[in-house]
Amino acid sequence: EGATAAIFDGTDGDGAELQQLARLAAALPGAAILALLDFPRIEDQDRLLGCGAAAVLAKPLLVDDLFWQLDRLVNRTEG
């Protein structure tokens, strides 16, 4: 309750992970969800965005990229 953002840590974006992401999005209405996925392809990104992610970031990642993306999502959500 009251979450502004959440991080979803996935691997390959299979059906089970998409269901988990959809449940997270439903449990946190209004929160921006940043999905992390191992080397996502365009079609993986499209599926994640369709299940409730606000953005997708590839793993491995730089921590600065993670913080930049979270800052962007939080400020977009608040604005």
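Above this note sits the structure.
All values reported here derive from a predicted model rather than from experimental measurement.

In this structure, what is going on with the overall build of the protein? I would like to understand it.
A tally of regular secondary structure across the protein gives three helices and three strands. Taken from the N to the C terminus, the helices and strands of the protein come in the order β-α-β-α-β-α. In terms of its C-alpha atoms, the protein occupies a principal-axis envelope of roughly 30 × 30 × 15 Å. Within the protein, the proportion of its 79 residues that are buried is 33%. When contacts within the protein are restricted to residue pairs at least 6 apart in sequence, those whose partners lie at least 24 apart make up 53%. Entry remark: accessible area of the protein is about 4,800 Å², with carbon and sulfur atoms responsible for 55%. Positive and negative charge centroids in the protein, built from 6 and 13 side chains respectively, lie 4 Å apart.

Help me understand the pairing of strand β3 (residues 55-59), please; the structure alone is not making it clear to me.
The side chains of a regular strand alternate between the sheet's two faces. Most of β3 is tucked away: four of the five residues are buried. Across five bridges, the pairing between strand β2 (residues 32-38) and β3 is parallel. Its bridge partner lying in β3, D38 is registered against K59. For the handedness criterion, the β-α-β arrangement of β2, helix α2 (residues 42-50) and β3 is classed as right-handed.

Help me out: how do you make sense of unusual backbone geometry in this one?
Negative phi characterises most residues that are not glycine, and trans characterises most peptide bonds. The linkage connecting K59 with the following residue, P60, adopts the cis geometry, with an omega of 0 degrees. Residue position: P60 is located in the loop between β3 and α3 (63-78).

Even after reading the chapter, I still don't get the side chain of Q69, so can you show me in this structure?
Inspection of the secondary structure assignment puts Q69 in helix α3. The residues touching Q69, leaving out its near neighbours within four places in the chain, are L34 and A55.

I would appreciate a short explanation of the nonpolar core in the present structure.
With 12 residues, the main nonpolar core is built from A6, F8, L18, L21, L28, A31, I33, A35, L37, L48, A53 and V56. Of all the secondary structure elements, the ones that give two or more residues to this core are β1 (5-9), α1 (15-27) and β2. The dominant element in this core, judged by the number of residues it contributes, is β2, at three residues. Setting aside anything within four residues of it in sequence, one finds A35 in contact with F8, L48, A53, A55, V56 and L57. Counting eight residues, the second largest nonpolar core, distinct from the first, contains L34, A55, L66 and L73.

Can you help me understand the pattern of salt bridges in this one?
Charged atoms that come close allow side chains of opposite charge to pair. Enumeration according to the criterion identifies five salt bridges in this entry. K59 is the partner of D9 in a salt bridge, and the nearest nitrogen-oxygen pair spans 2.5 Å. Here the residue D9 occupies a position in strand β1, and K59 occupies one in strand β3, the gap between them amounting to 50 residues. The class of D9 is exposed, set by a relative accessible area of 54%. By relative accessible area, K59 is classed as buried at 17%. With a shortest N-O distance of 2.4 Å, R47 and D44 are connected by a salt bridge. Note that R47 and D44 are positioned in helix α2 at a spacing of three residues, about one turn of the helix. Of the residues examined, R47 reaches a relative accessible area of 34% and is grouped as partly exposed. Residue class for D44 comes out buried when judged on its relative accessible area of 5%.

Conventions used here
Residues numbered from 1 in each chain as written. Predicted model: local features only at pLDDT ≥ 70, side-chain atom pairs only at ≥ 80, totals over all residues. Heavy atoms only, no water. Helix = DSSP H or I, 4+ residues; strand = E, 2+ residues; numbered from the N terminus. Buried < 20%, exposed > 50% of the residue type's maximum accessible area, 1.4 Å probe, protein only. Contact = heavy atoms within 4.5 Å. Areas by Shrake-Rupley, 256 points an atom, 1.4 Å probe, with all protein chains shown as cover. Lys, Arg positive; Asp, Glu negative; His and termini not counted. Charge placed at Lys NZ, Arg CZ, Asp CG, Glu CD. Pairing = 2+ DSSP bridges. Right-handed = clockwise from strand over helix to strand, strands pointing away. Core = buried A, V, L, I, M, F, W, Y, C linked by side-chain atoms within 4.5 Å. Salt bridge = Lys/Arg side-chain N within 4 Å of Asp/Glu carboxyl O.

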